Amino acid sequence: MTHTLVDALKDECYHNSAIELLFQLADDDFILSYRGSEWLGLAPHIEEDVAFSSISQDTMGHAAMFYQLLQDLGAGDADELAHVRSAGERKNAVLLEKVNGLGTYLAEPHYDWAFAVVRNYFYAQAKKIKIESLKNSSYQPLAEAAVKVSMELYYHLLHWKTWFTQLMDAGGEARTRMESAIKIVLDDLDGLFSLGNSGPELTKHSLIDSEDTLRAAWVNRMSPVFESVNFNIPEKFGMKNGNGRNGEHTVDLKSALDILGEVYNLDPAASW
Amino acid sequence: MVNTVSIGQLTEEANYDRFMERIEAGEKIETEDWMPDEYRMTLIKLISMHGISEIMGALPEKEWVPKAPSLRRKLGIMAKVQDEMGHGQLLLRVAEDLMKPLGKTRENIIRDLLSGDLKFHNVFHMEAKTWGDAGLIGWLVDGAAIITQTNMLDASYGPYARALKRICAEEVFHAQHGEAIIMALAEGTDEQKAMIQDSINRWWEALLMFFGPGDASTTGTSKQDTTIKYKIRTKTNEELRQDFFTKYIPRVLSLGLTLPDETMHFDQDAGMWQYLQPDWSKFKQIIKNNGPKSKERLRLREISYTNNKWVIDALQN
């Protein structure tokens, strides 16, 4: 059954589930966009800097859209939700909060391009599958947002897939680095599909497909790509560093949030 | 021994005369056209410095991209910095075409930057300490850039003039983005007002230097005569600085801010702004990569260059 904003506000159980899912979506994009913006000026070449920052911008735009949907549902002011919530309140997958590599974005950023490519590609594909599912979400404003996100996502996916196959096929050092990056990403990949403790509720309300459906769709979509680059995809993915959907996070998130909220928190009441 | 003029030299002179006639007539010179070496070298220097400055200029603002204090500001500054990188790319493409006959590529530009042979703009050696600085860069640094670039919109070299048209259109949005940040601070709390005043105080000297020395007597060399001769630009450094004052001083003052120069005033008789000269010896040091943040920012580019070498190697295989 389709729910409008008004319907959602009348049904407490449904309302809570919609908020839960939107936090997962918003927090995922917010933190990954941040990791992308840390790469600004550091990408392998200038053309990539322009393309990657365009993707990070789109991703931040999607986060802003999801935070706005939360605000509409009465969860709080969108900027406050983005800038003030502590690490324990965040619902993003742990994979997306992991640092880009050694150093910070301000000093000695020894970032790993292989990790950037693999994380972004695997995430873009998972997000695409979720967005396809959300186009049929029972929550109408979310289904409408999904249509807009979907169009931009097409290019993100194409971009990262190109990098992925090119570097996997390059052999030598590139192949070795890519395989190590894949291993690290797979260790926490399952966190992308998790819907957290409230997963069954979200599915029951037809807000999104189940975790199993999402994961199977990902494997289905990725198998031919892995095959084309001669890589065997493992049967199971991990959540080695915890399930972010349930508020489990690493220290990497805490330091990122301190930076993201630094100016806002100088005076949250001020107009910036 | 009969003193003759070689055919080659005659042709060279004829070519030069023809070239000067063309630019005097307002014609555009294209990449494949004949051009004097001095013209080519001046353009390569100017455009590669402009391009690399856009790229180095992304770095101080990048520091504030994640810290921007709202979702809307985050999106705004992300778009802005992306544009700057895009300008850098566009300009380096123009420079690369000019360098081709010399057997040089973008690789040379990046290496020259890292070795210190290629300079980048003085303002991007400065520290961007606060969010106020991020706003001020958008408002006044981009505002200053609009003034210098508008001066070259009709440049005799066609590819540069066309690139500048697109760049200037985007810079107008950047200046508006910066102005919006500044307005919010100027109309905000006492701390926010103090933040922007502090930014102006710290950045003023760098903004004066932005337009370059008035003439060669201050720094020893100046390319402005050559660029004017070849119709790459029309106005002198000082004329541009005066245009900047005329446009921005009333705006700064109307926001209730002050300038860190009590002598600044418009001299009606001379028809010019009178102001305290910046310390030009400091300017010389800054552009020699001895500015407050020169080394750190170059280090970022160096890290990017060395860390991603395996990627470039893989793409070239």
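Residues numbered from 1 in each chain as written. Chains lettered and ligands numbered in written order. Predicted model: local features only at pLDDT ≥ 70, side-chain atom pairs only at ≥ 80, totals over all residues. Heavy atoms only, no water.

**Q** It is not clear to me how the pattern of salt bridges should be interpreted in this structure. Could you clarify?
**A** All chains considered together, the criterion is met by 40 salt bridges over all chains. B:Lys28 serves as the salt-bridge partner of B:Asp154, at 2.9 Å between the closest nitrogen and oxygen. Of this pair, B:Asp154 sits in the loop between α5 (131-150) and α6 (158-186) while B:Lys28 is found in the loop between α1 (7-24) and α2 (37-62), placing the two residues 126 residues apart along the sequence. Connected through shared salt-bridge partners, A:Glu47, B:Arg93, B:Glu96 and B:Arg106 make up one network. (Salt bridge = Lys/Arg side-chain N within 4 Å of Asp/Glu carboxyl O. Helix = DSSP H or I, 4+ residues; strand = E, 2+ residues; numbered from the N terminus.)

**Q** Looking at this model, I keep getting lost on the interface of chain B and chain A. Mind explaining?
**A** One widely used convention gives an interface's size as the accessible area the parts lose upon coming together. Each partner contributes residues to the interface: chain B has 43 residues there, and chain A has 53 residues. Between chain B and chain A lies a buried interface of about 4,200 Å² when both sides are counted; carbon and sulfur atoms form 66% of it. When the area that chain B buries against chain A is broken down by residue, the three leading residues are B:Lys62, B:Leu71 and B:Trp310, summing to 18%. For the pair chain B and chain A, the interface holds 3 salt bridges. Linking A:Glu262 and B:Lys67 is a salt bridge whose minimum nitrogen-to-oxygen distance equals 3.3 Å. There are 19 residue pairs in polar contact (both at pLDDT 80 or more) connecting chain B and chain A. (Contact = heavy atoms within 4.5 Å. Buried area = accessible area lost by both parts, 1.4 Å probe. Polar contact = N/O pair within 3.5 Å; in protein donor to acceptor, adjacent residues only side chain to side chain.)

**Q** Looking at this model, I keep getting lost on the packing of helix α2 (residues 12-38) of chain A against helix α6 (residues 113-134) of chain A. Mind explaining?
**A** If you want to describe how two helices pack, look at the angle between their axes and the distance between the axes. Residues and elements named next belong to chain A. Contact geometry of α2 with α6 gives a least axis separation of 13 Å together with a crossing angle of 150°. On the basis of the axis angle, α2 is roughly antiparallel to α6. Taken as a pair, α2 and α6 cross one another with a handedness that is left-handed. Contacts between α2 and α6 involve Leu21, Leu25, Asp28, Asp29, Leu32 and Arg35 on the former and, on the latter, Arg119, Asn120, Tyr123, Lys127, Lys130 and Leu134. A per-class count over the contact of α2 with α6 returns 5 nonpolar, 1 polar and 6 charged. (Axes fitted to C-alpha atoms, helices over the stretch in contact; angles between N-to-C directions. Parallel < 35°, antiparallel > 145°, perpendicular 65-115°, else oblique. Left-handed = near helix turned anticlockwise from the far one by under 90°. Nonpolar A, V, L, I, M, F, W, Y, C, P; charged D, E, K, R; others polar.)

**Q** Explanation requested: the packing of α2(B) against helix α4 (residues 106-115) of chain B in the structure shown.
**A** All names here are of chain B. As a packed pair, α2 and α4 sit with axes 11 Å apart at the nearest point and diverge in direction by 70°. One element, α2, and the other, α4, form an angle in the roughly perpendicular class. Crossing angle aside, the handedness with which α2 passes α4 is right-handed. Contact residues: Ser48, Ile52 and Met56 in α2; Ile109, Ile110 and Leu113 in α4. Partitioned by chemical class, the residues of the contact of α2 with α4 number 5 nonpolar, 1 polar and no charged.

**Q** Could you clarify how one ought to interpret the nonpolar core in this entry?
**A** In a soluble, globular protein the nonpolar side chains are often hidden away together inside. By size, the foremost hydrophobic cluster in this structure holds 183 residues, and its most contacted members are A:Trp113, A:Phe122, A:Phe164 and B:Trp131. By residue number, the principal contributor to this core is α6(A), which donates 14 residues. Ignoring any residue separated from it by four or fewer positions in sequence, one finds A:Phe164 in contact with A:Val117, A:Val118, A:Tyr121, A:Phe122, A:Met178, A:Ile182, A:Val225, A:Phe226 and A:Val229. (Core = buried A, V, L, I, M, F, W, Y, C linked by side-chain atoms within 4.5 Å. Buried < 20%, exposed > 50% of the residue type's maximum accessible area, 1.4 Å probe, protein only.)

**Q** What am I meant to see in the side chain of B:Gln197 here?
**A** All names here are of chain B. Examined against the element boundaries, Gln197 turns out to sit in helix α7 (residues 190-210). Gln197 gets classed as buried once you look at its relative accessible area, which sits at 16%. Setting aside its immediate chain neighbours within four residues, Gln197 contacts Leu257 and Thr258.

**Q** What exactly am I supposed to notice about the layout of surface pockets here?
**A** Empty space among the atoms becomes apparent when a probe as large as a water molecule is rolled across them. Considering only enclosed or pocket space, the second largest pocket measures out at about 450 Å³ in volume. Lining the second largest pocket are 16 residues, with A:Pro44, A:His45, B:Glu107, B:Tyr305 and B:Ile312 sitting closest to its centre. Secondary-structure elements contributing two or more residues to the lining of the second largest pocket are α4, α12 (294-307) and α13 (309-316) of chain B. Considering only residue class, the lining of the second largest pocket consists of 6 nonpolar, 4 polar and 6 charged. (1 Å grid on protein atoms, 1.4 Å probe; cavity = no way out; pocket = protein on both sides within 12 Å on 5 of 7 lines; lining within 4 Å. Points joined across faces, edges and corners; volume = space filled by probe spheres on them.)

**Q** Before we go on, may I ask you to explain the side chain of A:His205 in this structure?
**A** Residue and element names in this part refer to chain A. Positionally, His205 belongs in the loop between α9 (199-204) and α10 (211-228). The exposure class of His205 is buried, given its relative accessible area of 15%. Filtering out sequence-adjacent residues up to four positions away, His205 remains in contact with Cys13, Tyr14, Ser17 and Ser138.

**Q** Help me understand a positive patch on the surface, please; the structure alone is not making it clear to me.
**A** Residues and elements named next belong to chain B. A cluster of basic side chains, namely Lys45, Lys119, Lys223, Lys284 and Lys288, defines a positive patch on the protein surface. Looking at where Lys119 falls in the secondary structure, it is placed in the loop between α4 and α5. With a relative accessible area of 31%, Lys119 lands in the partly exposed category. (Patch = residues over 30% accessible without salt bridge, like charges linked within 9 Å, V, L, I, M, F, W, Y side chains within 5 Å. Areas by Shrake-Rupley, 256 points an atom, 1.4 Å probe, with all protein chains shown as cover. Lys, Arg positive; Asp, Glu negative; His and termini not counted. Charge placed at Lys NZ, Arg CZ, Asp CG, Glu CD.)

**Q** Please explain a nonpolar patch on the surface as it appears in this structure.
**A** All names here are of chain A. Taken together, the side chains of Tyr154, Tyr155 and Leu158 present a nonpolar region at the surface, about 360 Å² in accessible area. Mapped onto the fold, Leu158 is located in helix α7 (residues 140-169). On the basis of relative accessibility, which here comes to 44%, the residue Leu158 falls in the partly exposed class.

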